[in-house]
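# An overview of the molecular structure
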Amino acid sequence: GELPLLKPLVEKGVNIEYMDPNGRSLLLAAVYYQQKEVVDYLLEKDADKWAADIEGDTAVHIAVAAGNLRIVQSLAKADFGFNTQNNRGETPLHFACQLDAKVIAPIVQQLLNNGANPAVTDNNEITAWHYAVNRNVSSDILALMQKAQQKIKQESAAVDDEIDTLLAIGDIET
């Protein structure tokens, strides 16, 4: 790994938010090169977790595209946005549903456990559901996606009910 080389530079004040010409910060580069220890270190140093490259891909998009569950798990601990869309409107879940069958299940489960919404559409009005069905993913994954979607709908309905209650008692105005 590159961590022994990076630590002294960061301690001397190197800007960890520097972006290369492709819009990659150190965090994005560490994810791209699958350097988990560097990713963890940069997260400890409060690297910008919302940084995106010129395609709009975030660290989560890149980790998912690489099929790297360990890095996805590290990013989950840092509370990344799992519904963040890139320039094409794709979320990390869109990427995950296009992965090889051997790696898809644990990554999709990790994303769904962290609030990924399978119904978010990309710029072409395609959802992660579409990718999953077209790729003939297992019924287990489809069931996970359905359960996550139901949970999101229930949470949304609860928020709507709370807003209606507040409107009824006059605590908020429309």
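Here the structure is a predicted model, which is why all the values come from computation and not from measurement.

Calculation criteria
Residues numbered from 1 in each chain as written. Predicted model: local features only at pLDDT ≥ 70, side-chain atom pairs only at ≥ 80, totals over all residues. Heavy atoms only, no water. Helix = DSSP H or I, 4+ residues; strand = E, 2+ residues; numbered from the N terminus. Buried < 20%, exposed > 50% of the residue type's maximum accessible area, 1.4 Å probe, protein only. Areas by Shrake-Rupley, 256 points an atom, 1.4 Å probe, with all protein chains shown as cover. Lys, Arg positive; Asp, Glu negative; His and termini not counted. Charge placed at Lys NZ, Arg CZ, Asp CG, Glu CD. Contact = heavy atoms within 4.5 Å. Salt bridge = Lys/Arg side-chain N within 4 Å of Asp/Glu carboxyl O. Phe/Tyr/Trp six-rings, centres within 6.5 Å; stacked < 30°, edge-to-face > 60°. Lys NZ or Arg CZ within 6 Å of the ring centre and 35° of its normal. Axes fitted to C-alpha atoms, helices over the stretch in contact; angles between N-to-C directions. Parallel < 35°, antiparallel > 145°, perpendicular 65-115°, else oblique. Left-handed = near helix turned anticlockwise from the far one by under 90°. Nonpolar A, V, L, I, M, F, W, Y, C, P; charged D, E, K, R; others polar. Core = buried A, V, L, I, M, F, W, Y, C linked by side-chain atoms within 4.5 Å.

## Some points on the overall build of the chain
A count of helices and strands for the chain gives nine helices and zero strands. Traced from its N-terminal end to its C-terminal end, the chain shows the element sequence α-α-α-α-α-α-α-α-α. If one aligns the C-alpha atoms of the chain with their principal axes, the spans along those axes are about 60 × 45 × 25 Å. The proportion of buried residues among the 174 residues of the chain is 40%. Working note: accessible area of the chain is about 10,000 Å², and carbon and sulfur atoms make up 49% of it. Across the chain, the 14 positively charged side chains and the 25 negatively charged ones have centroids separated by 10 Å.

## With respect to helix H3 (residues 36–44)
Taken together, the buried positions of H3 are occupied by Lys36, Val38, Val39, Tyr41, Leu42 and Leu43. Elements in contact with the buried residues of H3: helix H1 (3–11), helix H2 (26–32) and helix H5 (69–77). Trailing H3 by a residue or two, Asp46 shows a phi angle of about 65°, which is positive.

## Points about the pattern of salt bridges
If you walk through the whole model with that rule in mind, you get five salt bridges. Notably, a salt bridge pairs Asp40 with Lys36, separated by 2.5 Å at the nearest N-O pair. Note that Asp40 and Lys36 are positioned in helix H3 at a spacing of four residues, about one turn of the helix. Owing to a relative accessible area of 17%, Lys36 belongs among the buried residues under this scheme.

## Some details on the packing of aromatic side chains
Enumeration according to the criterion identifies one aromatic pair in this entry. On the numbers, 4.9 Å between centres and 90° between planes, the contact of Tyr32 with Tyr33 is edge-to-face. On the basis of relative accessible area, Tyr33 is assigned to the exposed category, the value being 55%. A cation over an aromatic ring shows up here: Arg24 above the ring of Tyr32, its NZ or CZ 4.2 Å from the ring centre.

## Remarks on unusual backbone geometry
What you tend to see is this: most non-glycine residues have negative phi, and most peptide bonds are trans. Despite not being glycine, Asp46 shows a phi value in the positive range, around 65°. Within the secondary structure, Asp46 is located in the loop between H3 and helix H4 (59–65). For Asp46, a relative accessible area of 65% puts it in the exposed group. Positive phi is not limited to glycine here, since Glu125 has a value of about 65°.

## Description of the packing of H1 against H3
Think of two packed helices as two axes; the pair is described by the angle between the axes and how far apart they sit. Running from N to C, H1 and H3 point in directions that differ by 20°, and their axes come no closer than 10 Å. With respect to their mutual orientation, H1 and H3 come out roughly parallel. Our pair here, H1 against H3, has a crossing hand that is right-handed. In this structure, H1 contributes Leu3, Leu6, Lys7 and Val10 to the contact, and H3 contributes Glu37, Val38, Tyr41 and Leu42. Class assignment for the residues of the contact of H1 with H3 results in six nonpolar, no polar and two charged.

## Focus: the nonpolar core
In a soluble, globular protein the nonpolar side chains are often hidden away together inside. In this structure, Leu27, Leu42, Val64, Leu75, Leu93, Val108 and Leu111 are the most contacted members of the largest nonpolar core, which totals 44 residues. Not counting the four nearest positions on each side in its chain, Leu93 is found in contact with Val108, Leu111, Leu112, Ala116, Asn117, Pro118 and Ala128.

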